[in-house]
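Summary of the model geometry
Letter by letter, the chains look like this.
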Amino acid sequence: MTAQTEIRTTPAWFSNAMARCRNLEFVVGITLTLLLVGLVLLAPVFFPDGGESINLMARLAAPFAEPGHPLGTDALGRDILARIATGGKVSFVVGVYSSLGAVVLGTILGLYAGYYRGVLDTIVMRFADIQLAFPFILFAMTVIAIYGPSLERIIIVMIVTQWVQYARIVRGSVLALRERTFILAAKSYGQSSAKIIFSHILPNAMGPLIILLTLNIANNILLESSLTFLGLGVDPQTPSWGGMLAEGRNYVQTAWWITLFPGLAIMLTVLGLNLLGDWLRDQLGKSVQ
Amino acid sequence: MKLITSTLSCSRQGFVKTVKTGLLATVLAFSGVQAYALSELNVAQGSDPQNLDPIDTFRLSWGSIGSNIFEGLIQRGEDLQLVPGLATAWEFLDDNSRIRFTLREGVSFHNGEPFNAAAVKYTFDRLLGEQGQKGPQRSNYTSIGSVEVIDDYTVEFHMNQVDPVLITKLAGYGAMIVPPKYIEEVGEEAFDRKPVGTGPYQVVSYEPSVELKLARFEGYWNGTAKTELVNIRFISEPATRMAELMSGGVDISLNVPNTSVETLKKNKSVDLVTVGGPTVNMMRFKANSGITADARVREAMNIAIDRDAILNALLGGLGESIATAQGELSFGNDASIKKYPYDPARAKALLKEAGVAPGTDITLDIYNSDETFREISQVVSSYLGMVGLNLKIRANETNIMASDLIPNGKTGELFQFGWGGWTFDFDNTAYLLYHSGERFNPYINDAKLDELLEQQRATYDRDVREQALQQVAGYIREQSLELPLFNLATMYGVSKKVSGFVPAPDDRVRYMNVVVAE
Amino acid sequence: MQQLTFLSQRLLQAVFVTLAVTLFVAFAIRFTGDPAVMMTQESSNVTEADLAMIRESLGLNAPFHVQYLQFMGQLLTGELGNSFFRGPIKELIGSALPSTLLLAATSMVLSILISIPLGIVAAVKQGKWVDQLIRILSLTGLSFPNFWLAMMLVLIFSITFNVLPVSGFSGVASLVLPSATVAIVLTAVNVRLVRTAMLDVLSEQYIMVARAKGVKEFWVIYKHALRNSAIALITFFGLQFGNLIGGIVVVERVFNWPGMGSLALDAIAQRDYPLLQASVCILAMLIVIVNLVTDMAYSLIDPRIRVKS
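Remember, it's a predicted structure, so these values are computed and weren't measured experimentally. (Residues numbered from 1 in each chain as written. Chains lettered and ligands numbered in written order. Predicted model: local features only at pLDDT ≥ 70, side-chain atom pairs only at ≥ 80, totals over all residues. Heavy atoms only, no water.)

**Description of the overall build of chain B**
Looking only at helices and strands, one finds 18 helices and 21 strands in chain B. Relative to the 2.2 N^0.38 estimate, which gives 24 Å for 518 residues, the radius of gyration of chain B is 25 Å and therefore close to what a compact globule would have. With the C-alpha coordinates aligned to their principal axes, the bounding extent of chain B is approximately 85 × 60 × 35 Å. Per-residue burial over chain B gives 61% buried out of 518 residues. Within chain B, residue pairs in contact and separated by at least 24 positions form 69% of the contacts whose partners lie at least 6 positions apart. Accessible surface, chain B: about 19,000 Å² in total, of which carbon and sulfur atoms supply 50%. Positive and negative side-chain charges in chain B, numbering 49 and 65 respectively, have mean positions lying 5 Å apart. (Helix = DSSP H or I, 4+ residues; strand = E, 2+ residues; numbered from the N terminus. Rg over C-alpha atoms; globule rule 2.2 N^0.38 Å. Buried < 20%, exposed > 50% of the residue type's maximum accessible area, 1.4 Å probe, protein only. Contact = heavy atoms within 4.5 Å. Areas by Shrake-Rupley, 256 points an atom, 1.4 Å probe, with all protein chains shown as cover. Lys, Arg positive; Asp, Glu negative; His and termini not counted. Charge placed at Lys NZ, Arg CZ, Asp CG, Glu CD.)

Put into structure tokens, the structure is as follows:
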């Protein structure tokens, strides 16, 4: 069988296998995501103390070493499982809000800049250049040094620095598409710009955007932990996965579980999001053109 | 011991320099010069003073370096006793308005320049003059009016005012004797990077934030250092510092974080060496407003916290809980002042009496760089929660805390304060914290405290001073004006290969007698 | 001629970007904090008068525009002036910049060398087990914070097996762990981008035409597909550079790598204005240059993107 048939003329057995594989991707992705989102949403029910109960007698207990602490305890004797469940909220909030903010802002500006070019394009692109030339961490540190750390500021800093990548991708695909035959054809039929943008150009830019969005949510969950690591994170009392990793780093050699389990939580979330993203991409890919 | 070629090998300039040193090694080998082994000690410390000139810096990180390069007229060893240094004797004259120092003969600087009265005068003229104004050291020595050269080896200090801590201060930091000719020759900027003193080690090379290389000074007047080369590396990330220590990358690590105590204790190749230090950890109150203006509330918070439980659980028991803002080694400490008991029931009663409703929100400001205190403060929050106070913790950048929140009185009801007066004299802490109008005292304005503090500054009489300082401490305890926590031990991580290391309580480590076994 | 105008236009933009970034930093960092306080942090007897004296000697009492213009003047003459705390900035940057560049270049090259073949294989074998494996590996690489990864690598290779140095910069061996840390995360991203870009191109009409004409699969991929997806890849790699530098800042800190990131972070913490301005300016110029080169390559490969004449 040649590669050509593999891609274009799909035999029934192959497409079935592919469908099953894609379904598996979807099933695992959605399961992981729902599981973790569910854990986080139900945290107040299962762990009413929010993982904040300190017990100095039971500190640094290994998994299952103390009753009621299946994943062990941290340096202050707090239950790791409860903190993971509660702490996921910060990670999700930071990851989702910042990425959504960035994708909306970036897409709008990228579309307009790419489609209309002109002054707006220049302004957006110069603004984009500035932000691209300014490493996120330095920008975040400067801003947070001035205003002090908080959840909202972290999200805003992320949006302000991250819309650029969306704008560039969207603008790039607009530029690549606007000279293509089907766009030119649509134009010649007298379709309105808005219609062309939303029914032809945007769907074509969707694939990369969604991949980037899923990566971005995951990435921002990681960035939040980097900020905490540099001492710029959310306040010390609010549990967060990133914060747990940062706090546990001095105990890596003696109490691996403090960093392992939040690390796993992050990994599984990221994995779930990416599987979903890939699956979505395939779904959207079919409807393009 | 390592071969000299390996100590030279490739540095940060990358390939070019590597190639050069490679060539050098080859040349050495072929020219018949014996590549001989040099004894070497590798040290890690958390921060870089960034400027080695004694008058340009006021950091403990300078102290742990400077004490190997420089000497003062007076010396203070690891036992904190003041002994003759570059001065062999001193006497107070004319009702304490003059101090006469007899200088040690036969001492020379690393560059060969002789140490004499002219060097002493130059040192203090520089410190108190224009050059000193640019740095943080001058303000500690303004009690000195001028220095007069009597003869080559005798000088007199003319005092502006009484300064009871002066002799101690002459053993440290800004009073280190510097070489006049060398500074005139190379200029101030070069001196910052490659200073010259009279100490047992001389600077070979200094790369800011990276590494300082010291070599034994063969002409040292007071014996010879046992190890030829000392490399001091600056590693700001505590976990990295500890990893270097445990992997054998460094032989001694300063600034061991409390969070690593357990790891070090379990490690077979490293010892945890501790000594009582000057650092006190405490929280201070916004004592002039809000619920913390009420002495009962302050006392309640003080007795709501089980200090010893925190000390033993989080800090490995390496330190003492304290009743006032000083440790046992401090001049002015009064052992009869009782520590705060742990009495949550009474704390609740006091809060009720003061009319504080359960669930009242209060805020604690802490430094975001201090991981140990981050843990401590969360436990404190839990203790306060048990008596009905809802403590919110705000982590702030060091600079914001020190330049804005504290001096301008913008802190929450509580704020973190750590202080390590290297002089071990309570004046150093008390005046700063309790005298009205001081920069780090935004909230306390008390005539009685002002009077006591001024009184002890005006005399050299140790008994009078001690009594006044003890009264200050007693008054603070009585009014619960602060929330003292611990006097933590100074900790060093030391490889088992190292011998002759004496832990310095004041971070002013001396490497002269340290030997690293092969 | 057209290329020349394009180039000069972009150069102008580069200057503008650098100016804007330094202006922002110089302005913002002066909002809070005080270098004089940092300098006297551990001193007990410091009074407001002493602080004022220090500020005067640091030149902080001059109005902002005077300070900024002075900085720009120094920048133009190539003399970067003095740091508040640690001597000539030129020397500091002269030793930090090569370290950062070395780390960035090693990681980037390492990552591209790994991700292009892996991405191509994954795209060609789309849906098969190789593809799945590569995807899972890249997802795993993406899932850990870089500082955590760094500490794990140190725990394994430096402490447990003691084969590589923990930190600092003392030869090739000390380059291994930091560049591996940066490269692992980078590769995870790049593999996915290569795969996506290749898949997009492989489904294009002209690839099918080439195949129909009987061109060998190897040439289809390397001559047609790779060249055509290069445009997307170059943009992606170029875009990565800013992130790369950002990631390096954190990694530098864990490995105590004496680079630009450490320099800039220290400068922020200490309010060392001249040093911060200079190091951010240099970093910005670096990124701008890389982006410029990216754009040039972009327009060389795909003439459609060239500026309208």
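The rest of the description comes next.
**Focus: the UniProt feature "domain: Solute-binding protein family" (unreviewed entry) in chain B**
As recorded in UniProt, the sites labelled "domain: Solute-binding protein family" (unreviewed entry) are residues 81-438 of chain B. End-to-end, the C-alpha atoms of residues 81-438 of chain B are 30 Å apart, and along that stretch the chain is 30% helix and 26% strand. (UniProt positions renumbered as here; feature names shortened; annotations may be inferred.)

**Overview of the interface of chain B and chain A**
Contact with chain B, which involves 29 residues of that partner, is made by 20 residues of chain A. Linking chain B to chain A there are 1 salt bridge. Between E262(B) and R59(A) there is a salt bridge whose closest N-O contact spans 3.4 Å. Remark: the boundary between chain B and chain A carries 10 residue pairs in polar contact (both at pLDDT 80 or more). Where the side of chain B that touches chain A is concerned, the elements lending two or more residues are α9 (238-247), α10 (261-266), α12 (307-314), α14 (371-386) and β17 (389-396) of chain B. (Salt bridge = Lys/Arg side-chain N within 4 Å of Asp/Glu carboxyl O. Polar contact = N/O pair within 3.5 Å; in protein donor to acceptor, adjacent residues only side chain to side chain.)

**Notes on the side chain of D34(C)**
As for its placement among the helices and strands, D34(C) is situated in the loop between α1 (2-29) and α2 (35-39). Of note is the side chain of D34(C), whose polar atom sits 2.9 Å from the backbone nitrogen of A36(C). Among residues more than four places away in sequence, those in contact with D34(C) are N399(B), S403(B), R55(C) and R271(C).

**Re the interface of chain C and chain A**
Between chain C and chain A, the residue contacts involve 63 residues of the former and 49 residues of the latter. Around 5,100 Å² of area is buried between chain C and chain A when both sides are counted, 71% of it from carbon and sulfur atoms. Looking only at chain C, the three residues that lose the most surface to chain A are F147(C), W148(C) and L239(C), adding up to 11% of its buried area. At the junction of chain C and chain A, the tally comes to 0 salt bridges. For the pair chain C and chain A, the interface holds 0 residue pairs in polar contact (both at pLDDT 80 or more). Of all the secondary structure elements, the ones that give two or more residues to the side of chain C that touches chain A are α1, α6 (129-142), α7 (146-160), α8 (173-202), α9 (205-212), α10 (217-254), α11 (260-270) and α12 (273-301) of chain C. When residues in the side of chain C that touches chain A are grouped by element, the largest group, 11 residues, is from α10(C). By residue class, the composition of the side of chain C that touches chain A is 36 nonpolar, 14 polar and 13 charged. (Buried area = accessible area lost by both parts, 1.4 Å probe. Nonpolar A, V, L, I, M, F, W, Y, C, P; charged D, E, K, R; others polar.)

**Details of the packing of α7(C) against α10(C)**
All names here are of chain C. For the pair α7 and α10, the least separation of the axes is 9 Å and the interaxial angle reads 35°. Viewed along their axes, α7 and α10 form a crossing whose handedness is right-handed. Of α10, the residues touching α7 (which contributes N146, F147, A150 and M151) are G247, V250, V251 and V254. A class-by-class count of the residues in the contact of α7 with α10 yields 6 nonpolar, 2 polar and no charged. (Axes fitted to C-alpha atoms, helices over the stretch in contact; angles between N-to-C directions. Left-handed = near helix turned anticlockwise from the far one by under 90°.)

**So, empty space enclosed by the protein**
Empty pockets left among the atoms are what a rolling probe the size of a water molecule brings to light. Tallying each qualifying case throughout the model produces 11 cavities of 30 Å³ or more. As a volume, the largest cavity reaches approximately 980 Å³. Lining the largest cavity are 43 residues, and of these Q165(A), N219(A), Q240(C), N243(C) and L244(C) sit closest to its centre. No other element matches the 11 residues that α10(C) contributes to the lining of the largest cavity. Of the residues assigned to the lining of the largest cavity, the class counts are 27 nonpolar, 16 polar and no charged. Considering only enclosed or pocket space, the second largest cavity measures out at about 140 Å³ in volume. R249(A), Q253(A), A239(B), A243(B) and M151(C) are the residues nearest the centre of the second largest cavity, which is lined by 16 residues in total. If you list the elements that add at least two residues to the lining of the second largest cavity, you get α9 of chain B together with α7 of chain C. By residue number, the principal contributor to the lining of the second largest cavity is α9(B), which donates 5 residues. Among the residues forming the lining of the second largest cavity, the class breakdown is 11 nonpolar, 4 polar and 1 charged. (1 Å grid on protein atoms, 1.4 Å probe; cavity = no way out; pocket = protein on both sides within 12 Å on 5 of 7 lines; lining within 4 Å. Points joined across faces, edges and corners; volume = space filled by probe spheres on them.)

**As for the pattern of salt bridges**
Side-chain pairs of opposite charge can arise where the charged atoms are in close proximity. Tallied over the entire structure, the rule returns 34 salt bridges over all chains. The residue D506(B) makes a salt bridge to R508(B) at a minimum N-O spacing of 3.8 Å. The buried category is assigned to R508(B), whose relative accessible area is 4%. Beyond isolated ion pairs, a larger network of salt bridges with shared partners links D74(A), R78(A), R83(A) and E247(A).

**What to know about the pairing of strand β6 (residues 87-93) of chain B**
Residue and element names in this part refer to chain B. Alignment of β6 against strand β7 (residues 98-103), held across 6 bridges, turns out to be antiparallel. Across the sheet, residue L93 finds its bridge partner in β7, namely R98. The antiparallel hairpin formed by β6 and β7 contains 4 residues in its connecting segment, where D94 sits at a positive phi of about 50°. (Pairing = 2+ DSSP bridges.)

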